[in-house]
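Fold and geometry: a report
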Amino acid sequence: MAYWLFKSEPDVFGWPHQIAKGDAGEEWTGVRNYQARNNMRAMKVGDLGFFYHSNIGKEIVGIVEVIRESAPDSTTDDPRWDCVMVRAVRALPKPVTLEVCKVQPGLENMALVKNTRLSVQPVTAEEWAIICRIGGL
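Here we summarise the structure given alongside this text. Predicted model, so just to flag it, every value in this text is computed and none were measured. (Residues numbered from 1 in each chain as written. Predicted model: local features only at pLDDT ≥ 70, side-chain atom pairs only at ≥ 80, totals over all residues. Heavy atoms only, no water.)

1. Quick notes on the overall build of the chain
From N to C terminus, the chain includes six helices and six strands. Counting helices and strands in the order they occur from the N terminus, the chain gives β-α-α-β-α-β-β-β-α-α-β-α. For the chain, the C-alpha radius of gyration of 14 Å lies close to 14 Å, the compact-globule estimate for 137 residues. Buried residues in the chain amount to 47% of all 137 residues. When contacts within the chain are restricted to residue pairs at least 6 apart in sequence, long-range pairs at least 24 apart make up 70% of them. (Helix = DSSP H or I, 4+ residues; strand = E, 2+ residues; numbered from the N terminus. Rg over C-alpha atoms; globule rule 2.2 N^0.38 Å. Buried < 20%, exposed > 50% of the residue type's maximum accessible area, 1.4 Å probe, protein only. Contact = heavy atoms within 4.5 Å.)

2. Considering helix α3 (residues 34-41)
Turning to α3, its buried residues number three or more, namely Ala 36, Arg 37, Asn 39 and Met 40. When α3 is viewed along its axis, its buried side chains cluster within an angular range of 155 degrees and face the same direction. Structurally, α3 contributes buried residues whose contacts are with β1 (3-8), β4 (59-72), β5 (82-97) and β6 (120-123). With a side-chain oxygen positioned 2.9 Å from the backbone nitrogen of Gln 35, the residue opening α3 is Asn 33. (Arc of directions from axis to C-beta. Polar contact = N/O pair within 3.5 Å; in protein donor to acceptor, adjacent residues only side chain to side chain.)

3. Some words on the sheet that holds β6
With mixed pairing, six strands are arranged side by side in an open sheet as β2-β5-β4-β3-β1-β6. Each edge of the sheet is formed by a strand with only one pairing partner; in this case those strands are β2 (26-27) and β6. (Pairing = 2+ DSSP bridges.)

4. Brief notes about the pattern of salt bridges
Think of it this way: side chains of opposite charge can pair up when their charged atoms draw near. Per the counting criterion, the structure on display carries eight salt bridges. Two residues, Asp 78 and Arg 80, come together in a salt bridge whose shortest N-O distance is 2.5 Å. Residue class for Asp 78 comes out partly exposed when judged on its relative accessible area of 24%. Across the pair Glu 99 and Lys 102 runs a salt bridge, and its minimum N-O distance is 3.8 Å. Residue Glu 99 and its partner Lys 102 are located together in helix α4 (residues 98-103), separated by three residues, close to a single helical turn. Look at the salt bridges and you will find they share partners, linking Asp 23, Glu 65 and Arg 87 into a network. (Salt bridge = Lys/Arg side-chain N within 4 Å of Asp/Glu carboxyl O.)

5. A few points about the environment of Val 64
Structurally, Val 64 is set in strand β4. In contact with Val 64, other than residues within four places in its own chain, are Phe 6, Trp 15, Gln 18, Asp 47, Leu 48, Gly 49, Phe 51, Val 86, Arg 87, Ala 88 and Val 89.

6. Focus: the side chain of Glu 65
Mapped onto the elements, Glu 65 comes out in strand β4. Separated by 2.6 Å, the side chains of Glu 65 and Arg 87 make a polar contact. Discounting residues that sit within four places of it in the chain, Glu 65 has contacts with Gly 46, Asp 47, Leu 48, Met 85, Val 86, Arg 87 and Val 89.

7. Here we look at the nonpolar core
One finds Phe 50 and Ile 60 to be the most contacted residues of the largest nonpolar core, which totals 21 residues. At the level of elements, β1, β3 (48-53), β4, β5, α4, α5 (111-114) and α6 (125-134) are the ones that each hand at least two residues to this core. The dominant element in this core, judged by the number of residues it contributes, is α6, at five residues. Setting aside its immediate chain neighbours within four residues, Ile 60 contacts Leu 5, Phe 50, Phe 51, Tyr 52, Leu 92, Pro 95, Val 96, Cys 101, Leu 112 and Ile 131. (Core = buried A, V, L, I, M, F, W, Y, C linked by side-chain atoms within 4.5 Å.)

Such coordinate-based values are descriptive only and should not be taken to indicate function.
Structure representation (structure tokens):
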């Protein structure tokens, strides 16, 4: 299993929206960055990801599961863009902010800290464990 982080603006598509989709999940559409797209192409069904609120809050608020591997993004006719489908698994009991990640030992090389603009990014198993611990899981 691999781990990931998905960024979304909470006022556009936040954690409550993801939860409302239920087990059916939702396509992670709108990604227009090659590195982020390639990250989605590497995902497998069952991989887990953090759901991160960008711009407002700047915090990891939940965990999602990849339920469909990369396929053409239904929001565009441009064949360059793909997306996966994810479903909400659970909220973090205590959201983990970007500021906490920046000062937490073991997270100094996390993509969230080093490449804050990347909307879909890998998370190492060690980073996953640290965030889950800080978030109360």
